[in-house]
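Coordinate analysis (summary)
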Amino acid sequence: METKRLIVNGKTALGIELGSTRIKGVLIDFKGRVLAVGIYDWENSFTDNIWTYSLEEIHTGIRRCYSSLREDVERKYGVSLQNIGAIGISAMMHGYMALDKDGKQIAPFQTWRNTNTQKAADELTELFDFNIPLRWTAAHLCQRILDRESHVEKLDYAVTLSAYIHWKLTGKRVIGIGDAAGMFPIDSDTHDYDAGMVKKFDDLLEPYQYQWKMRDIFPKVLVAGEDAGTLTEEGAAFLDETGTLRAGIPLCPPEGDAGTGMAATNSVAPGTGNVSAGTSTFAMIVLEKQLSRVYREIDMVTTPAGFPCAMSHANNGTSDLNAWIELFKEFAELMGIKADTGELFEKLYTNALNGDPDCGGLLAYGYYSGENITMLNEGRLAFLRTAESRFNLANFMKVHLYTSLGAVKMGMDILMEDEKVKVERIMGHGGFFKTKGVGQRYLAAAVNAPVTVMDTASEGGAWGIALLAAYMIDKEAGEKLEDYLENRIFGELSGETVIPYAEEVEGFRIFMQRYKAGLAIEKSAIEAMDWQ
């Protein structure tokens, strides 16, 4: 009855995150407790050499996710979801959504997975003396200009997916600072796009004589806790096709999955860090100061509150691992065994603990797409072994779990070994950690440090953006985001910490030697396997 009253009175926050393989909605109370969940599964497509989702898929997906959550509320509590305290929208960071002055899409949505921006990223990195990753919005925009794509002349709004959905719901052209940091370099002192780099960018575009400058077409930057608009009548009708949801609900600044991952793991203060492992894998370390020099393997972004943050972002995570699980499921069903996918994951992950510390000499690359950390603009999926390798199921699963962390480990080594960044704690979240004590143990071996996974880790970024929405309307005057999370959310939550095993630390080190040496094989595979 208490929960029912909270829902009826709007003492709740809703977070919706559009991830790479799933759109998830989480309704929470102001203590962070999950009240209801909505899910819609989807998958990107490779169309005309572009990783994308159609606008129809995006619109349908978020509506069906919300419908799933609304139905969960009705089923559990017997009430309709009419009022919500606050809403937050999150999505996969980076990418490129282009709209004209009428709000119409004028070019295919390009996701973070695309690596067709090498020339632009290189030019901007040199111009700014600041690493511009291939997947950043600025790199996509610049590449479209270099390629003389006609839509650029009609461009009125260039934005990420989270800020696009936020605009659909509120009419406001704003973005959270963490997601903005996946569009263009951010000045953590001013909490805005870096003014000097904005001028350099505009000067670079001067010869093209467009009718816009960078700030004209990019959203306004906001930090966590700031007012980002309210749900309009049109926005409410767009999200809830039943017409039950009321307009006027406040929305927090839209964020990328990196920022919501930081919130979901209480990793928003300097000296904290987290690893989000799923379709892509990235490690985030919150810094007290900027790095000593530019690294092409490291992205400089920010927390939702604006602290500088170093990101080791791998485009490829568990997609290939998931595909192998599906193959095992197909085999089980061929043998007449009804296989539950969740049970398969748990049994196969757990069995991997019986493997050799170095995976028995097996090697794998789950490169569905290019990988910026290893400087490969395309990817090929590969599994490799020698006649002497110890080829068994445990080692097979273990090598696919290890390789999900391989590229991101290379970036982490730069931060911890070259830059001597100190981290007080590493938090893990995402599907990689869902099976208790497996992915967590392997991450501990990879970073040679204790790793904590909270009981809420599987709720992921949708829960994180819900927390940011709750913070906006429930914070006390002057209360900082890091204090709000530490004292009012995570103080009552439980988790488990795993200490690295010495033999697994050594085993992961040996695996990484092979991983780096085998990149030559991956490059050769890209050259040889050019069929579609």
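Described in the following lines is the structure provided in the data block. Remember, predicted model here, so these are calculated numbers, not experimental data.

Before going further, it helps to examine the sheet that holds strand 6 (residues 86-91). Judged by pairing direction, the sheet is mixed, and its 5 strands sit side by side in the order 3-2-1-6-13 without closing on themselves. Taken across any chain shown, the strands that pair with only one partner, and hence form the sheet edges, are strand 3 (34-41) and strand 13 (255-256). Sheet analysis places strand 1 (residues 13-18) next to strand 2 (residues 22-28), joined by 6 bridges and oriented antiparallel. Among the inter-strand pairings, Ile16 is bridged to a residue of strand 2, identified as Gly25. Against the sheet, helix 5 (residues 161-170) contacts strand 1, strand 6 and strand 13, and its axis sits at roughly 145° relative to strand 6. Sitting on the sheet, helix 16 (residues 460-474) touches strand 1, strand 2, strand 3, strand 6 and strand 13, and the angle it makes with strand 1 is about 140°.

Looking now at empty space enclosed by the protein. As enumerated under the stated definition, the model contains 3 cavities of 30 Å³ or more in all. Reported here for the largest cavity is a volume of approximately 50 Å³. Every residue lining the largest cavity is listed: Met92, Met93, His94, Trp112, Asp257, Ser280, Phe282, Met311 and His313.

Among the residues of helix 3 (residues 118-128), Ala120, Ala121, Leu124, Thr125 and Phe128 are the ones counted as buried. In an axial view of helix 3, the angular spread of the buried residues amounts to 130°, which keeps them on one side of the axis. Where the residues of helix 3 are buried, they touch helix 4 (137-146) and helix 7 (195-205).

Moving on to the packing of aromatic side chains. Within this structure, the stated rule accounts for 29 aromatic pairs. Ring geometry for Tyr210 versus Trp212: centroids 5.1 Å apart, planes at 5°, classification stacked. As far as the burial class goes, Tyr210 and Trp212 line up, both buried. When the ring of Phe508 is compared with that of Phe511, the centres are 5.6 Å apart and the planes differ by 65°; the resulting orientation is edge-to-face. One end of the pair is Phe508 and the other is Phe511, both in helix 18 (residues 502-517) and 3 residues apart, which spans about a single turn. Each member of the pair, Phe508 as well as Phe511, is classed as buried. The ring of Phe238 carries Lys168 above its face, with NZ or CZ at 5.1 Å from the centroid. Over the ring of Tyr157 we find Arg173; its NZ or CZ atom is 4.2 Å from the centre of that ring.

Thresholds, definitions, all that
Residues numbered from 1 in each chain as written. Predicted model: local features only at pLDDT ≥ 70, side-chain atom pairs only at ≥ 80, totals over all residues. Heavy atoms only, no water. Pairing = 2+ DSSP bridges. Helix = DSSP H or I, 4+ residues; strand = E, 2+ residues; numbered from the N terminus. Contact = heavy atoms within 4.5 Å. Axes fitted to C-alpha atoms, helices over the stretch in contact; angles between N-to-C directions. 1 Å grid on protein atoms, 1.4 Å probe; cavity = no way out; pocket = protein on both sides within 12 Å on 5 of 7 lines; lining within 4 Å. Points joined across faces, edges and corners; volume = space filled by probe spheres on them. Buried < 20%, exposed > 50% of the residue type's maximum accessible area, 1.4 Å probe, protein only. Arc of directions from axis to C-beta. Phe/Tyr/Trp six-rings, centres within 6.5 Å; stacked < 30°, edge-to-face > 60°. Lys NZ or Arg CZ within 6 Å of the ring centre and 35° of its normal.

Any functional reading would require information beyond the geometric quantities listed.
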